[in-house]
2 protein chains.
Amino acid sequence: MDTAYLSAERRDMQDYGPFIRFPSPSPPAPVTCKMAAAGACSVPDLCRHARRSEQQPFPTGAINRRAVRRGQALYRAGDPLVNLYQLYAGSMKLRITNSAGTEQIASFPMAGSLLGLDGIETGHHMCDAVALEDSLVCVLPFSDVLACSRTDTEAALQLNRAIAHETSHYRRLLMVMANMSSEERIANFILTMSERMATNGYSPQEFVLKMTREDIARHLGMKIETVSRALGRLQSAHIVDVSRRRLCIRDPKALSQMGSSR
Amino acid sequence: MDTAYLSAERRDMQDYGPFIRFPSPSPPAPVTCKMAAAGACSVPDLCRHARRSEQQPFPTGAINRRAVRRGQALYRAGDPLVNLYQLYAGSMKLRITNSAGTEQIASFPMAGSLLGLDGIETGHHMCDAVALEDSLVCVLPFSDVLACSRTDTEAALQLNRAIAHETSHYRRLLMVMANMSSEERIANFILTMSERMATNGYSPQEFVLKMTREDIARHLGMKIETVSRALGRLQSAHIVDVSRRRLCIRDPKALSQMGSSR
DNA sequence: CGGGACATTGATTAAGATCAATTTAAGTGG
DNA sequence: CCACTTAAATTGATCTTAATCAATGTCCCG
């Protein structure tokens, strides 16, 4: 494979390797933010401010990081909102559990996603944020974020937009659930993942789904068997090649036609 | 019927009558906000500030109102975000239309709802806000809202929370769509409406659904016939009495059991 | 090499969509 | 005020899709 894209594994290694050393009890070393430097940070002004915070132990310009191991929760529903987090490397799932114990996967944050906004309405988180793989987040103390919003108009707007962005994610997902067949949902899901992979500098053609079929099913409001069969049908139609978690898009056009809003 | 609740019709008359005079081309007279006085305003600080705005023609403390006739749009998808609106009387539907023309009803704002937040992410509205009946909104120029957020920490927080509240509405709806049968969805919908009616001072037992079956169907991701049949089944089970738009809850307990998160 | 989580596949059932026909209510204009 | 028109809602018959139930297969990790 001679693409310009890095494989998921290699990219993680070279970019973030030093910070994903488990299980190291010592905090990661201070660094400047590569994500901000690359313009990939959705809230650069918030972040910049947070880095200036009195509370955090690193010198100005350093970043307060936290590592989360695969399967571990960054925060849980009910936890008081203390920090927002910028996902720096890895991927997670946001899980809602209702009073009856039914689980719903609200989203699959990946590098660049802002996490923790589900705590803003009530001051307590509404979801569990669980790592799908060993991950690294950039910690933005919420008090700093607020202080920053107070002094910096642009930062305040960024925060508003970030919250509103979540809303629009759910709106989109709602359309998918309300109007699409299981096969179309899966096609749409793959398309969305593909676009997000591209945004993050990976190949949009070929990538690894970090979540289980169960997670996908709970995300899209279907059963695991249906997910499996839908993938099977896409495979038979030579639209994708899927083997376990590894996915390759063979016919982007057909996929797009099938997965685009009905 | 000797309840302490007002019928929808009478309440509209006595509380808001003077302001719903259609089709009056002259702006409604300045008044102080009864909603704020009653503590029913979700963004009192934002509103208070907006009322102080230089731009609006009324003396300090007055409210800038706008009437919207049944079927008319307060704003449309694509319109630039100019104002937020507090719904003062009446009810609306927020309609999303995707590129293929499929419609989805995102929510049914009623008195007390804050409208227009769907414009914050991009600066342009993502939905149409259409009046289900002749309605009255309180206009909050967005520039004023922002100015207010800048100077008033509490107001800024209210804005953030208001946006986040939308998110949580969609999250809830997502759970409903992903996990509930058509009958459970309808039960849940009626319950939600009932609670909202109670919040607004109407009877939670008996009220009028201002939206069509089609609207309900598009809100809950089902077909109109299925809505009708689900209502029919609830009727047969003596859980509700439904005749056209008029709805009466006969067995709140059973309804709650059926409509509460599965 | 074996255990366990994850995934696939098949057979059957059930729920909701679809197609088609009425019924009901609310306006509208003579 | 009443016949006429039309939008909204209901009801029935049939078909399709996805859920359910039940095995079986596969890969990863110790």
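You'll find the structure just up there.
What you are looking at is a predicted structure, and each value in this text was computed from that prediction instead of being measured.

Novice: Explain the overall build of chain A to me, please; I cannot follow it from the model alone.
Specialist: Looking only at helices and strands, chain A has 9 helices and 11 strands in total. Counting only residues that meet the buried cut, chain A has 53% of its 262 residues in that class. For chain A, the proportion of contacts with a sequence separation of at least 24, taken over those separated by at least 6, is 73%. For chain A, the exposed surface amounts to about 11,900 Å²; the carbon and sulfur share of it is 50%.

Novice: Hey, could you run me through the interface of chain B and chain A in this one?
Specialist: A common way to report how large an interface is uses the accessible area buried once the components associate. Listed per partner, the contact involves 35 residues of chain B and 35 residues of chain A. Each partner contributes to the roughly 3,400 Å² buried at the junction of chain B and chain A, and carbon and sulfur atoms together form 65% of this total. Broken down residue by residue, the surface that chain B buries against chain A is led by E121(B), R171(B) and L174(B), which jointly contribute 21%. In this assembly, chain B and chain A are joined by 0 salt bridges. On inspection of chain B and its partner chain A, the count reaches 7 residue pairs in polar contact (both at pLDDT 80 or more). Listed by contribution, the elements that provide at least two residues to the side of chain B that touches chain A are helix 4 (142-151) and helix 5 (153-179) of chain B. A per-element tally of the side of chain B that touches chain A places helix 5 of chain B first, with 19 residues. Its residues assigned to classes, the side of chain B that touches chain A comprises 16 nonpolar, 12 polar and 7 charged.

Novice: What is the right way to look at the relation of the copies chain B and chain A in this model?
Specialist: Superposition of the two copies of the chain requires a rotation about an axis and a shift along the axis. When chain B is fitted to chain A, the residual RMSD is 0.0 Å, and the transformation amounts to a turn of 180 degrees plus an axial shift of 0.0 Å. Such a turn and shift between the copies fits a two-fold axis. Taking the C-alpha atom as reference, chain B places T167(B) closest to the rotation axis, 2.3 Å from it. Both copies contact each other with a shared surface, as 100% of the interface residues of chain B are interface residues in chain A too.

Novice: In this structure, what is going on with the protein's contact with DNA strand D? I would like to understand it.
Specialist: Around DNA strand D, a shell composed of 15 residues is seen, among which S182(A), T226(A), R213(B), S228(B) and R245(B) lie nearest. Atoms of DNA strand D within 4 Å of the protein belong to the sugar or the phosphate in 64% of instances, the rest to bases. Here T226(A) contributes a side-chain N or O atom positioned 2.3 Å from a phosphate oxygen of DNA strand D. R229(A) is positioned with one of its side-chain polar atoms (N or O) 2.9 Å from a base oxygen of DNA strand D. A class-by-class count of the residues in the surface near DNA strand D yields 1 nonpolar, 5 polar and 9 charged.

Novice: Before we go on, may I ask you to explain the protein's contact with DNA strand C in this structure?
Specialist: Near DNA strand C there are 15 residues, and of these R213(A), S228(A), R245(A), S182(B) and T226(B) occur at the shortest range. For DNA strand C, the backbone portion of the atoms within 4 Å of the protein, that is sugar and phosphate, comes to 64%. Residue R244(B) places a side-chain N or O atom 3.3 Å away from a base oxygen belonging to DNA strand C. Elements with a minimum of two residues in the surface near DNA strand C: helix 8 (224-236) of chain A together with helix 8 (224-236) of chain B.

Novice: What is the right way to read the nonpolar core from this model?
Specialist: One broad trend across soluble globular proteins is that nonpolar side chains are buried collectively. If you look at the biggest cluster of nonpolar residues, it comprises 100 residues, and the most contacted ones within it are I186(A), I190(A), I186(B) and I190(B). With 28 residues, the next largest nonpolar core counts L84(B), V145(B), A162(B) and I163(B) among its residues.

Novice: For this particular structure, what's the right way to read unusual backbone geometry?
Specialist: One can expect most non-glycine residues to show negative phi and most peptide bonds to be in trans. The backbone of R244(A) shows a phi angle near 60 degrees, a positive value even though the residue is not glycine. Relative accessible area serves as the criterion here: at 73%, R244(A) is assigned to the exposed category.

Novice: In this structure, what is going on with the environment of Y85(B)? I would like to understand it.
Specialist: All names here are of chain B. Structurally, Y85 is set in strand 3 (residues 83-89). Note on Y85: relative accessible area 5%, which makes it buried. Along the backbone, Y85 and F142 are 57 residues apart, and their C-alpha atoms lie at a distance of 9.2 Å. Within the local environment of Y85, its side chain forms a polar contact with the side chain of N83, the two groups lying 3.4 Å apart.

How each quantity is defined
- Residues numbered from 1 in each chain as written.
- Chains lettered and ligands numbered in written order.
- Predicted model: local features only at pLDDT ≥ 70, side-chain atom pairs only at ≥ 80, totals over all residues.
- Heavy atoms only, no water.
- Helix = DSSP H or I, 4+ residues; strand = E, 2+ residues; numbered from the N terminus.
- Buried < 20%, exposed > 50% of the residue type's maximum accessible area, 1.4 Å probe, protein only.
- Contact = heavy atoms within 4.5 Å.
- Areas by Shrake-Rupley, 256 points an atom, 1.4 Å probe, with all protein chains shown as cover.
- Buried area = accessible area lost by both parts, 1.4 Å probe.
- Salt bridge = Lys/Arg side-chain N within 4 Å of Asp/Glu carboxyl O.
- Polar contact = N/O pair within 3.5 Å; in protein donor to acceptor, adjacent residues only side chain to side chain.
- Nonpolar A, V, L, I, M, F, W, Y, C, P; charged D, E, K, R; others polar.
- Least-squares fit on C-alpha atoms with pLDDT ≥ 70 in both.
- Near = heavy atom within 4 Å.
- Core = buried A, V, L, I, M, F, W, Y, C linked by side-chain atoms within 4.5 Å.

Honestly, that's just the spatial picture; any functional story needs more than this.
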